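One-letter residues, chain by chain:
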Amino acid sequence: MLSCSGFASQANAENNPAHRNARGQVVVEADSALDKTLVVTPVTASIWNRGVRTPGQIVAEPSRSVTVFSPVTGLIQEVTVNPGDHVQAGQILARVISGDAAQATSDEAKARAGLEFAQRAFTRAQGVLAAGGGAQKDLENARSNLLQAQAEEDRAQARLSALQSASGADGIITLKAPIEGDVSAVNATAGMNVVDITQPLIVMANSEELWAIADVPERDIRGVTVGQQVNVAPSAFPNVILHSTVSAIDPIVQPNMAVLRVRSVLPNVDGALRPNMYAAITVMEPQPPTISVPQSALLMNNDKVTVFVRVAPHVFERRAVEIVYDEGDQCRVTSGLSPSDSVVTVGAILLNDD
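In this text the structure is predicted, and so the values were computed from the model without any measurement.

Moving on: the overall build of the protein. Helices and strands together make up the secondary structure of the protein, namely three helices and 25 strands. For the protein, buried positions account for 38% of its 354 residues. Considering only intrachain contacts with a sequence separation of at least 6, the fraction spanning at least 24 residues in the protein is 71%. Summed over all atoms, the accessible surface of the protein reaches about 19,600 Å², with 52% contributed by carbon and sulfur.

Encoded structure:
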């Protein structure tokens, strides 16, 4: 509470232990009762954060989310995973019986046999020419046939690699996990026909690291920069605050929404967080160092808020200040004090003789 009364009655007595000097400062007699009553405290210089609080969402990092497709049409022979399973990279997810795969396997076998034949023919043509029993053009023909056979084998082998076909001529495509992660969706069952190779069969996500996406209103984006502290409060965990920093800011404001999307990275080693959770996200905007004093130091003088500052031992000076009230006992001082000042926090009313 601001105080506006004058000296207490004992301070107005003839033996008043306080008087003013030529500069108008209040001088308190050393070791007097008044001197022992006063409590002088250094001002506090601190960083006050202004937070922009906004609704947000926890999402999977796109590079850690993978959709598995079948490279060919065919019949699903087996699905080896279920939603929620944790799989390792390279683990088998499903097998697909495909005529295209069988054809690719057959084509590769034929190409390999043709290459072996062409290699033998070329070797034979070299030997005949060296023995003087053949023409140079026969060797050139054999070399040309060898190059064509090699190209055909390379094409057939590339086709097999693209189809991820298992070895052998059974025409079975083996779909394997491209990353370590959790199976989030399975859209395939044994016996189902794959008629569209763009149909997602299995969706996987690695959730060891997630993104917190905050939609910051346009009016608050001026002070948002990469590296600022971010506090994330997931709706599923009422008393949990996760700390991160701004890692990226969208280059454009979202149309029709007047918000700017701000992204932060959240570690999720224990797996407690789930993609698509909602959260309250606060982007903290640090302010310059601010001086604060206890409210008990404040006095009212001619409609101005003042404090008594100790300028020398037992010497005090009234100073007008501008303040911003905050919750609790402290309030911010925006002008009138410096970080090196000390103010009277107990007994200031006894110096208030104006």
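There's plenty left to go through after this.
Applying the stated criterion across every chain, the model contains zero aromatic pairs. Between R263 and the ring centre of W211, over which it is positioned, the NZ or CZ distance is 4.1 Å.

In this structure the tally under the stated criterion is 10 salt bridges. When the shortest N-O distance is used, the salt bridge between E108 and R112 registers 2.4 Å. Linking E108 with R112, this pair stays in helix 2 (residues 99–130), spanning four residues, or about one helical turn. Overlapping salt bridges bring together E61, R64 and E209 as one network.

Looking now at the nonpolar core. Soluble globular proteins: nonpolar side chains tend toward being buried together. Within the largest apolar cluster, 18 residues are counted, with the highest numbers of intra-cluster contacts made by V87, L93, L175 and I202. At the level of elements, strand 9 (92–97), strand 10 (172–176) and strand 13 (202–205) are the ones that each hand at least two residues to this core. Looking at this core element by element, the count peaks at three residues for strand 9. I202 has contacts with V66, T67, V68, V81, L93, V183, A185 and V186, leaving out every residue within four places of it along the chain. By size, the runner-up hydrophobic cluster in this structure holds 17 residues, among which are I58, A212, V246 and L273.

Quick look at the sheet that holds strand 6 (residues 65–68) now. Pairing is antiparallel across the open sheet formed by four strands, whose spatial order is 6-13-11-8. Of all the strands in the sheet, just strand 6 and strand 8 (86–87) have a single pairing partner and so form its edges. Two elements, strand 6 and strand 13, share four bridges in a ladder whose sense is antiparallel. From the neighbouring strand, V68 faces strand 13, where its bridge partner is I202.

In the case of a regular strand, side chains alternate between the two sheet surfaces. Most of strand 15 (residues 229–234) sits inside the fold, with five of its six residues counted as buried. Here strand 15 runs beside strand 16 (residues 242–249); their pairing, made up of four bridges, is antiparallel. Within the sheet, the bridge partner assigned to Q229 lies in strand 16 and is T245.

As summarised here, the arrangement of the four strands in space is 4-19-24-23, forming an open sheet in which the pairing is antiparallel. Looking along the sheet, the strands with just one partner apiece sit at the ends: strand 4 (44–46) and strand 23 (322–325). Shown here is a sheet whose adjacent strand axes are inclined to one another by a mean of 40°, direction ignored. Relative to strand 19 (residues 290–294), strand 4 runs antiparallel, the two sharing three bridges. Within strand 19, the position partnered with S46 by the bridge is T290.

What follows is about the pairing of strand 19. Summarising burial for strand 19: four of the five residues are buried, a large majority. As defined by bridge partners, strand 19 adjoins strand 24 (residues 330–335) across four bridges and the pair is classed as antiparallel. Bridging from a neighbouring strand, V293 pairs with C331 of strand 24.

Caution applies to low-pLDDT regions: their predicted coordinates should not be interpreted in detail. In this model, the protein carries a mean pLDDT of 84, and residues with pLDDT of at least 70 account for 89%. A low-confidence stretch, residues 165–169 stays under pLDDT 50, and its non-local contacts, those more than four residues away or across chains, total eight contacts.

Our focus in this paragraph is the side chain of S207. Positionally, S207 belongs in the loop between strand 13 and strand 14 (209–217). Its relative accessible area of 15% is what places S207 among the buried residues.

The next point concerns unusual backbone geometry. Positive phi is not limited to glycine here, since N302 has a value of about 50°. Judged by relative accessible area, which is 67%, N302 ranks as exposed. Phi at D303 takes a positive value of approximately 65°, unusual for a residue other than glycine. Within the element layout of this structure, D303 appears in the loop between strand 20 (299–301) and strand 21 (304–312).

As for its position among the elements, E140 is in helix 3 (residues 136–163). Look at E140 and you get partly exposed, because its relative accessible area is 37%. Remark: the alpha-carbon pair of E140 and F122, spanning 18 residues in sequence, is separated by 8.7 Å.

Rules of the game
Residues numbered from 1 in each chain as written. Predicted model: local features only at pLDDT ≥ 70, side-chain atom pairs only at ≥ 80, totals over all residues. Heavy atoms only, no water. Helix = DSSP H or I, 4+ residues; strand = E, 2+ residues; numbered from the N terminus. Buried < 20%, exposed > 50% of the residue type's maximum accessible area, 1.4 Å probe, protein only. Contact = heavy atoms within 4.5 Å. Areas by Shrake-Rupley, 256 points an atom, 1.4 Å probe, with all protein chains shown as cover. Phe/Tyr/Trp six-rings, centres within 6.5 Å; stacked < 30°, edge-to-face > 60°. Lys NZ or Arg CZ within 6 Å of the ring centre and 35° of its normal. Salt bridge = Lys/Arg side-chain N within 4 Å of Asp/Glu carboxyl O. Core = buried A, V, L, I, M, F, W, Y, C linked by side-chain atoms within 4.5 Å. Pairing = 2+ DSSP bridges. Axes fitted to C-alpha atoms, helices over the stretch in contact; angles between N-to-C directions. pLDDT = per-residue confidence, 0-100.

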